[in-house]
Amino acid sequence: RPDDTSTTQNHIPPARATRFIHAYTMIKVTASILIASTLAFANPAMLASRTGRSGLSSARATVTSQRFAGRSRQALSDRSSSLTRRGESISKSSSSRLIAKAQETQNQSPPIPLIAPPIALAAAYAIIKASPLDQALTGFIEGNGYPQMFRDLNFPGFFYNWFHAANMAIVAGAMGGYGAWLGFETKAGRGNEEAWGSLNGATKRELHAQLMAGAGLIFAAGGLGGVTFMLTLQKPLFESPHAVTGLAELMLFATQASLALAMKKNPELREAHANLGKITMGILAFHAALGVKLGLGL
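First, a word on what this report is: a plain description of the structure on this page. (Residues numbered from 1 in each chain as written. Predicted model: local features only at pLDDT ≥ 70, side-chain atom pairs only at ≥ 80, totals over all residues. Heavy atoms only, no water.)

The next subject is the side chain of Glu-185. Secondary-structure assignment places Glu-185 in helix α6 (residues 157-190). Given a relative accessible area of 11%, Glu-185 falls into the buried group. In terms of polar contacts, Glu-185 uses its side chain to reach the side chain of Lys-204, at 2.8 Å. Setting aside its immediate chain neighbours within four residues, Glu-185 contacts Arg-190, Gly-191 and Lys-204. (Helix = DSSP H or I, 4+ residues; strand = E, 2+ residues; numbered from the N terminus. Buried < 20%, exposed > 50% of the residue type's maximum accessible area, 1.4 Å probe, protein only. Polar contact = N/O pair within 3.5 Å; in protein donor to acceptor, adjacent residues only side chain to side chain. Contact = heavy atoms within 4.5 Å.)

Applying the stated criterion to the full structure yields 11 aromatic pairs. Each ring, one from Phe-155 and one from Phe-159, has its centre 4.3 Å from the other, and the planes form 45°; the classification is tilted. By relative accessible area, which is 32% here, Phe-155 ends up partly exposed. With a centroid separation of 6.3 Å and 65° between ring planes, the pair formed by Tyr-160 and Phe-229 is classed as edge-to-face. On the criterion of sequence distance, the pair formed by Tyr-160 in helix α6 and Phe-229 in helix α7 (residues 204-232) is long-range, its members being 69 residues apart. (Phe/Tyr/Trp six-rings, centres within 6.5 Å; stacked < 30°, edge-to-face > 60°.)

A word on the pattern of salt bridges. Note on pairing: side chains with opposite charge can pair once their charged atoms come close. As enumerated under the stated definition, the model contains 4 salt bridges in all. Among the salt bridges present, the one from Glu-185 reaches Arg-190, with a minimum N-O distance of 2.9 Å. Arg-190 sits in the partly exposed class, given a relative accessible area of 35%. (Salt bridge = Lys/Arg side-chain N within 4 Å of Asp/Glu carboxyl O.)

The next thing to look at is the environment of Ile-279. Note on placement: Ile-279 falls in helix α9 (residues 269-297). The class for Ile-279 is partly exposed, based on a relative accessible area of 29%. Sequence spacing of Ile-279 and Pro-113 is 166 residues, and the spatial spacing of their C-alpha atoms is 7.4 Å. With sequence-adjacent residues up to four places away left out, Ile-279 is seen in contact with Pro-113 and Pro-117.

This part covers the packing of helix α4 (residues 133-143) against α7. Packed helices, taken two at a time, are described by the angle their axes make and the gap between the axes. Between α4 and α7, the least distance of the axes is 10 Å, while the angle of their chain directions is 75°. As judged from the angle between their axes, α4 and α7 are roughly perpendicular. In this structure, α4 uses Leu-137, Thr-138, Ile-141 and Glu-142 to contact α7, whose residues at the interface are Leu-224, Val-227, Thr-228 and Leu-231. In terms of residue class, the contact of α4 with α7 is built from 5 nonpolar, 2 polar and 1 charged. (Axes fitted to C-alpha atoms, helices over the stretch in contact; angles between N-to-C directions. Parallel < 35°, antiparallel > 145°, perpendicular 65-115°, else oblique. Nonpolar A, V, L, I, M, F, W, Y, C, P; charged D, E, K, R; others polar.)

This next bit is on the nonpolar core. The biggest cluster of nonpolar side chains holds 19 residues, and the ones touching the most others in it are Val-227, Leu-231, Leu-237, Phe-238, Leu-252 and Leu-276. Where this core is concerned, the elements lending two or more residues are α3 (112-130), α4, α7, α8 (241-262) and α9. If we skip the residues at most four places from it in the chain, Leu-276 touches Ile-112, Pro-113, Ala-116, Pro-117, Leu-252, Thr-255, Gln-256 and Leu-259. (Core = buried A, V, L, I, M, F, W, Y, C linked by side-chain atoms within 4.5 Å.)

Nonpolar side chains collect at one region of the surface, where Leu-114, Ile-115 and Ile-119 lie side by side and expose about 320 Å² of accessible area between them. With respect to the helices, strands and loops of the structure, Ile-115 is situated in helix α3. You can call Ile-115 partly exposed: its relative accessible area is 43%. (Patch = residues over 30% accessible without salt bridge, like charges linked within 9 Å, V, L, I, M, F, W, Y side chains within 5 Å. Areas by Shrake-Rupley, 256 points an atom, 1.4 Å probe, with all protein chains shown as cover.)

Our next topic: the layout of surface pockets. In this model, the largest pocket occupies a volume close to 1000 Å³. Lining of the largest pocket is provided by 42 residues; of these, His-164, Gly-223, Gly-226, His-242 and His-287 occupy positions nearest its centre. Going through the elements one at a time, α4, α6, α7, α8 and α9 are the ones with two or more residues in the lining of the largest pocket. Tallied by class, the residues present in the lining of the largest pocket amount to 27 nonpolar, 12 polar and 3 charged. Counted as a void, the second largest pocket has a volume near 840 Å³. Considering the residues around the second largest pocket, the lining is formed by 29 residues, among which His-208, Met-212, Gln-256, Ala-260 and His-273 are closest to the centre. Listed by contribution, the elements that provide at least two residues to the lining of the second largest pocket are α6, α7, α8 and α9. (1 Å grid on protein atoms, 1.4 Å probe; cavity = no way out; pocket = protein on both sides within 12 Å on 5 of 7 lines; lining within 4 Å. Points joined across faces, edges and corners; volume = space filled by probe spheres on them.)

Okay, here's the thing in structure tokens:
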């Protein structure tokens, strides 16, 4: 029987099939156990690792934040200290400037050099033009016969024109110029040194006072001499501005003498005395130039 033979050959014995099923089941169970164990042990480790990393990152972030905060506080503290020091420095500098300005204002000399010259010139002009000074001088000089005396001497014409000018030039240079230089030497702190040309061993300070006082007196006498020569030449008086500047010079010399006496008790007047001296010498030079012009026109 062919059918029975084929059936018998393709049939699997029951014992062999049972063993195959048992093996397959064991493999499946073992794989399941291994997978379950791996998941059970792997996940907590991963979680712990992640948690550790997160904690470490948080710790690092915390430390970084603390460091940044510390640096910020230190920077703010340094900045505050710097601003405080700068404010103190500015305050001290401002205080120093205010103190220096107050001392400068306190030590500043009165504005006499700016006031005295224009007042002297205006006063001299008013006196010459509005007062009978020319008539009084003419009556005094003519009454003593001085103009006629000089006419009788019959000197050359240039003598009457330039004798007064020559005398005043000598006084202005030898006494006024040298005396002014001694004044500047005194102001520079060398007033106690012995003056050159002194006959009695006077210091520069002492000789300055002597020369300028003598020059002022000689200028006043020289002014009368100039008026006398104008009357000798029978010329009108006080028509030239030379007369105005001459009278103003005498007023300024008187002002300088007053300052010289006052500054012994008020040392701040020394600067005013020196500055007015410069202006006085400048007006004296202008007065001399006007005198030359007047002499050339006689």
